[in-house]
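Structural description and commentary
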Amino acid sequence: MNTLFSFIYSWFFVAPAYFCLWIISNYLLDDPLLSFLFFPFALRIGILIHTQLKYWIAIYLAEYSILLLLSIAFPANNYVSIVLLGLLNIPILFIFKKYYFGSQLRCLLLQGLLITLLSLINALYFMSTAHFYFTFLVSFSSAVLIIPICYLIYYFLFEIKWLPLTSSLIRKPISLRSKPIIIYLLLFLLNIYIQTDLPESFNRFSLFFLAIPIILLAFRYGWQGALLGILLNSLALISTTHHFSNVELTDLLLTLSAQTITGIFLGLGIQHQRDLNQHLSQELLRNQYLTQQLIHREEEIRKEISRELHDEIGQNITAIRTQASILKRIGKTPEYEKLSQIIEQLSLNIYDSIKGLINKIRPRILDDLNLQEALQNLFIELDFASQNTHIYLHCHNPKNRVLSHLLEITLYRLCQEALNNIKKYAGATKITINVNIDEKITLHIQDNGIGFDLSKINHSGLGIKGMKERVAMLGGKFEIHSVKWTKHQQSGTSIFVELPWIN
């Protein structure tokens, strides 16, 4: 039953459209038979290649119904040639549909081949009664305009996954993009004005203006937008044509064909470039996600190692110190006492080394303190006070946004590495650290040390390279500027880091 209703609806849809397009074609060409090879021919081919085989009968019945009505109204014309030509297209279209699948570029190229082949057949078939090239141009120009439009409608109706209309979408506001609509409407009206009222001396400019809406729409919506621009241009050209001599019709058909082919390929090129950029952006986001997961895993491993060092080695060192104390008490000789003191001192040295190693592997202080307090504790550990170095820390977080552990530990490690370098090499007396946590996370470290040559960090600056790599893995920005000390200018190093928000 559904097939029957679809069959009837198809007939009622195709028959009026076919008849209207024949009227427009006959108005332009003033040839009842040749008019069938213009828009009606393109409409039939465009519908057939996007319709299942079981509905082809409805399409052909609609065409033959119109031919029957026209044969009754105009009995002088012989419509048998149109019927035979339509039947001749069936095996070609049947073979074509077997290969008509794949990407949009493939489908459009296949359409081009089919249009050329069928236009040649039409021209050869009517060669005895009409001019070969003009018949070919009539078929070709309408087909390159109408068939991609049929493909576009088919693509929007059956290829795009539409969201189901549910109750959750009722309250969602509808945003009408009025600005592009107004711009393209103005371009369309301006196009008509230029085609009708521009002096003949500016004819070349009018042809140039035809390309502007196509380029704009192609840039915004790809080949589909270019096709819309071509359709608007075609309407403007056809509606402003005043005379229908063969020369003017040939110019019109050549213009339609040229702008259609150029616009579609321009739109395809822009769309391909846009798809490529989108694919690269997705791959970049995927790589950033994998990098973040890798850093998370690295921190987990560091946490496990530091816990093992703290629990196992720390307990063993405590046991060694206890045994050394027992040895000192039971020995009661100078040799035993000296030996126990050596063992105790060595164990203390090992404990200090392990503690420093644990702090390098993973700063456990971030488990108990916030970032600002952890950085202040880092200043105490590095003992800048003994070098008469003054540190000014400014943390700005106006919205009290909470950093993830990954961002906290990254900022801490960047400050730790930078301060270690300043302590070892810079000889600075003043260090300023600004941490800004807002829409962006920024870190700025400035010192007044002796500076260094940035060109040498590629060979020896492993710490700075590590900072760069850590920031790059998170998708952030890292900049470093340094002015080396001379007698004539002040020196210092400045590091600027910008990090994205990461959960």
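Data block above holds the structure.
An account of the accompanying structure is given in this report.

Calculation rules
Residues numbered from 1 in each chain as written. Predicted model: local features only at pLDDT ≥ 70, side-chain atom pairs only at ≥ 80, totals over all residues. Heavy atoms only, no water. Helix = DSSP H or I, 4+ residues; strand = E, 2+ residues; numbered from the N terminus. Rg over C-alpha atoms; globule rule 2.2 N^0.38 Å. Buried < 20%, exposed > 50% of the residue type's maximum accessible area, 1.4 Å probe, protein only. Contact = heavy atoms within 4.5 Å. Lys, Arg positive; Asp, Glu negative; His and termini not counted. Charge placed at Lys NZ, Arg CZ, Asp CG, Glu CD. Phe/Tyr/Trp six-rings, centres within 6.5 Å; stacked < 30°, edge-to-face > 60°. Expected span 1.5 Å × (residues − 1). Arc of directions from axis to C-beta. Polar contact = N/O pair within 3.5 Å; in protein donor to acceptor, adjacent residues only side chain to side chain. Salt bridge = Lys/Arg side-chain N within 4 Å of Asp/Glu carboxyl O. Core = buried A, V, L, I, M, F, W, Y, C linked by side-chain atoms within 4.5 Å. Axes fitted to C-alpha atoms, helices over the stretch in contact; angles between N-to-C directions. Parallel < 35°, antiparallel > 145°, perpendicular 65-115°, else oblique. Nonpolar A, V, L, I, M, F, W, Y, C, P; charged D, E, K, R; others polar.

**A look at the overall build of the protein chain**
Tallying secondary structure elements over the protein chain gives 15 helices and five strands in all. By the compact-globule yardstick of 23 Å for 503 residues, the protein chain is too spread out, its C-alpha radius of gyration being 40 Å. Seen through its C-alpha atoms, the protein chain measures out along the principal axes to roughly 135 × 65 × 45 Å. Across the 503 residues that make up the protein chain, the buried fraction comes to 39%. Here the analysis covers contacts within the protein chain between residues at least 6 apart in sequence; of these, 70% occur between residues at least 24 apart. Positive and negative charge centroids in the protein chain, built from 41 and 35 side chains respectively, lie 3 Å apart.

**Remarks on the packing of aromatic side chains**
A complete count under the given rule lists 17 aromatic pairs for this structure. With a centroid separation of 5.1 Å and an interplanar angle of 85°, the aromatic rings of Trp11 and Phe12 are classed as edge-to-face. For Phe12, a relative accessible area of 55% gives the class exposed. Residues Tyr151 and Trp223 carry aromatic rings whose centres are separated by 5.7 Å and whose planes lie at 20° to one another, so their mutual orientation is stacked. Of this pair, Tyr151 sits in helix H7 (residues 132-159) while Trp223 is found in helix H9 (residues 203-239), placing the two residues 72 residues apart along the sequence. With a relative accessible area of 5%, Tyr151 lands in the buried category. Three or more aromatic residues joined by ring pairs form one cluster here, namely Phe96, Tyr100, Tyr151, Tyr155, Phe156 and Trp223.

**Regarding helix H12 (residues 371-382)**
End to end, H12 covers 16 Å across twelve residues, agreeing with the expected 16 Å (1.5 Å per residue, within 8%). Here H12 has its buried residues at Leu371, Ala374, Leu375, Leu378, Phe379 and Leu382. Buried residues in H12, looked at end-on, bunch into an arc of 150°, giving them a common side. Tucked into the core, H12 has its buried residues touching strand S1 (390-396), helix H13 (405-426) and strand S2 (430-437). For H12, the side-chain oxygen to backbone nitrogen distance between the N-cap and Gln372 is 3.2 Å, and the N-cap itself is Asn370. Where H12 ends, the next residue or the one after it, Asp383, has phi of about 55°, a positive value.

**Re the pattern of salt bridges**
Across all of its chains, the model carries eight salt bridges by this definition. Where Glu298 meets Arg302, a salt bridge forms, and the shortest distance between an N and an O atom there is 3.1 Å. Here Glu298 pairs with Arg302, and both are found in helix H10 (residues 246-331), just four residues apart, close to one helical turn. Judged by its relative accessible area of 22%, Arg302 falls in the partly exposed class. Note that Asp438 and Lys399 form a salt bridge whose closest N and O atoms lie 3.8 Å from each other. Linking Asp438 in the loop between S2 and strand S3 (441-447) with Lys399 in the loop between S1 and H13, this pair joins segments that are 39 residues apart in sequence. Put simply, Lys399, Arg401, Asp438 and Glu439 are held in one network by salt bridges that share partners.

**A look at the nonpolar core**
Phe36, Phe39, Ile45, Ile49, Leu93, Leu114 and Leu118 are the most contacted members of the largest nonpolar core, which has 69 residues in total. Ranked by the residues each element gives to this core, the list is headed by H7, at 13 residues. Those residues within four positions of Leu118 in sequence are excluded, and the remaining contacts are Phe41, Ile45, Asn89, Ile92 and Leu93. Counting 41 residues, the second largest nonpolar core, distinct from the first, contains Leu406, Ile409, Met467 and Val471.

**Some words on the packing of helix H1 (residues 2-29) against helix H3 (residues 39-48)**
Close contact between H1 and H3 brings their axes to 7 Å; oriented N to C, the two are set at 150°. Taken together, the axes of H1 and H3 lie roughly antiparallel to each other. Contacts between H1 and H3 involve Phe13, Val14, Ala17, Tyr18, Leu21, Trp22, Ile24, Ser25 and Leu28 from the former and Phe39, Pro40, Leu43 and Ile47 from the latter. Counted by class, the contact of H1 with H3 contains twelve nonpolar, one polar and no charged residues.

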